[in-house]
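# Examining the three-dimensional arrangement
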Amino acid sequence: AGVAVVAQYSDGTIYSTVSNGDGTFILNNILEGDYQLFAGKWGYLHAVELLTINQTNNSVSLSLSEGYQDDFFFDFNWEINNSAQTGMWELGEPEGTIYEGNQSNPGMDVDGDLGIECYVTGNGGGAAGTDDIDNGYTTLTSPTFDLSNYIAPAISYQRWFANSGGSGNPNDSLKVILSNGAIQKIVEVVTAATANNNSWVTKQVLVNDYFPTTANKSRMQLSFVIGDDATGHLVEAGV
């Protein structure tokens, strides 16, 4: 399969393509000038190159290192399953919402990663209750990844969780689940008490703590499961 390639001109103009199977690619009819060039593929770390394109300097070579990285700058087709009526996971530039002076839906992507997009639970903007999760659950699941050749694999992710309003104490949660295709392990449960004040939080999972070194790790997946339980509180999440 090809590599996703994005070239961003100095004025913000985007040119994109997918490489051939051998990794070669061509971007046609682009302006001369300064660019940031990004390349990515599931199973590899992103590559970033600064370059100036003109009539004599019009080619570039990028090398991708093996590993797994997804800033959601490229769309690597995470799977979404829903029973909720609103607030389902979606990929986009987050539209912030406010409830009683606190951020509910995140207003921006995480600083320092590629692009400005992330996965959020509903992204309609407006009032805090307009597109939060209602009446069910929504699950975001990664593509499979192979950790068979890793001695001590670690997975890091950044998540957002906000739970407020309604009657009684907020009672919703975000569950982070790691699976090897046969067994599922809950690696984090986020509640209103542990959400770190409606902000982006970085977490790390040591895979061997949940799956022993002898376990099959060839078809791992990471899932983020969140729903709106009884009494209808506001609940939002981001990844």
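## Some points on the packing of aromatic side chains
All chains considered together, the criterion is met by 14 aromatic pairs. Arranged with centres 4.8 Å apart and planes meeting at 90°, the rings of Phe-72 and Tyr-119 form a pair that is edge-to-face. With Phe-72 in the loop between strand S4 (47-53) and strand S5 (79-82) and Tyr-119 in strand S9 (residues 118-121), this residue pair connects regions lying 47 residues apart in the sequence. Its relative accessible area of 4% is what places Tyr-119 among the buried residues. Between Phe-74 and Phe-76, the ring centres sit 5.9 Å apart and the planes meet at 20°, which makes this aromatic pair stacked.

## Observations concerning the sheet that holds strand S3 (residues 33-40)
Pairing is antiparallel in the open sheet, where 4 strands are placed in the order S2-S1-S3-S4. The open sheet has two edge strands with one neighbour each: strand S2 (14-18) and S4. For this sheet, the mean angle separating the axes of adjacent strands, direction not counted, is 20°.

## Quick notes on the layout of surface pockets
Taken as a whole, the largest pocket holds about 670 Å³ of empty space. Residue lining of the largest pocket: 27 residues in total, with Tyr-68, Gln-69, Asp-70, Ser-156 and Tyr-157 positioned closest to the centre. The set of elements that each furnish at least two residues to the lining of the largest pocket consists of strand S11 (154-164) and strand S15 (221-228). Tallied by class, residues from the lining of the largest pocket come to 16 nonpolar, 6 polar and 5 charged. Volume-wise, the second largest pocket comes out at about 450 Å³. Around the second largest pocket, the lining is made up of 23 residues, and of these Phe-25, Ile-26, Leu-27, Ser-59 and Val-60 lie nearest the centre. Of the residues contributing to the lining of the second largest pocket, the split by class is 15 nonpolar, 8 polar and no charged.

## Here's the deal with the nonpolar core
Core analysis: the largest hydrophobic core is formed by 28 residues, its most contacted members being Trp-89, Leu-174, Leu-178, Leu-222, Phe-224 and Ile-226. Contacts of Phe-224, omitting those with residues within four sequence positions, involve Trp-78, Trp-89, Thr-138, Thr-139, Leu-140, Tyr-157, Leu-174, Lys-175, Val-176 and Val-239. Residues Val-3, Ala-7, Tyr-9 and Leu-37 belong to the second largest nonpolar core, which totals 10 residues.

## Side note on the environment of Gly-96
Its location among the elements puts Gly-96 in the loop between strand S6 (89-92) and strand S7 (98-99). Spatially, the C-alpha atom of Gly-96 lies 38 Å from that of Tyr-150, the residues being 54 residues apart in sequence. What Gly-96 contacts, discounting residues up to four positions off in sequence, is Gln-103, Asn-105, Pro-106 and Gly-107.

## Here we look at the pairing of strand S1 (residues 4-9)
With 5 of 6 residues buried, S1 is to be regarded as a mostly interior element. When S1 meets S2, the two strands line up antiparallel, connected through 5 bridges. Looking at S2, one finds that Val-5 is bridged to Thr-17. Linking S1 back to S2 in an antiparallel pair, the connection comprises 4 residues, with Gly-12 at a positive phi of about 100°.

## Describing empty space enclosed by the protein
Throughout the structure, instances matching the rule amount to 1 cavity of 30 Å³ or more. Size it by volume and the largest cavity reaches roughly 30 Å³. Contributing to the lining of the largest cavity are Glu-95, Thr-97, Asn-105, Gly-122, Asn-123, Gly-124, Gly-125, Ala-127, Ala-128, Asp-131, Asp-132 and Glu-236. Taken together, the residues that form the lining of the largest cavity break down as 2 nonpolar, 6 polar and 4 charged.

Procedures and definitions
Residues numbered from 1 in each chain as written. Predicted model: local features only at pLDDT ≥ 70, side-chain atom pairs only at ≥ 80, totals over all residues. Heavy atoms only, no water. Phe/Tyr/Trp six-rings, centres within 6.5 Å; stacked < 30°, edge-to-face > 60°. Helix = DSSP H or I, 4+ residues; strand = E, 2+ residues; numbered from the N terminus. Buried < 20%, exposed > 50% of the residue type's maximum accessible area, 1.4 Å probe, protein only. Pairing = 2+ DSSP bridges. Axes fitted to C-alpha atoms, helices over the stretch in contact; angles between N-to-C directions. 1 Å grid on protein atoms, 1.4 Å probe; cavity = no way out; pocket = protein on both sides within 12 Å on 5 of 7 lines; lining within 4 Å. Points joined across faces, edges and corners; volume = space filled by probe spheres on them. Nonpolar A, V, L, I, M, F, W, Y, C, P; charged D, E, K, R; others polar. Core = buried A, V, L, I, M, F, W, Y, C linked by side-chain atoms within 4.5 Å. Contact = heavy atoms within 4.5 Å.

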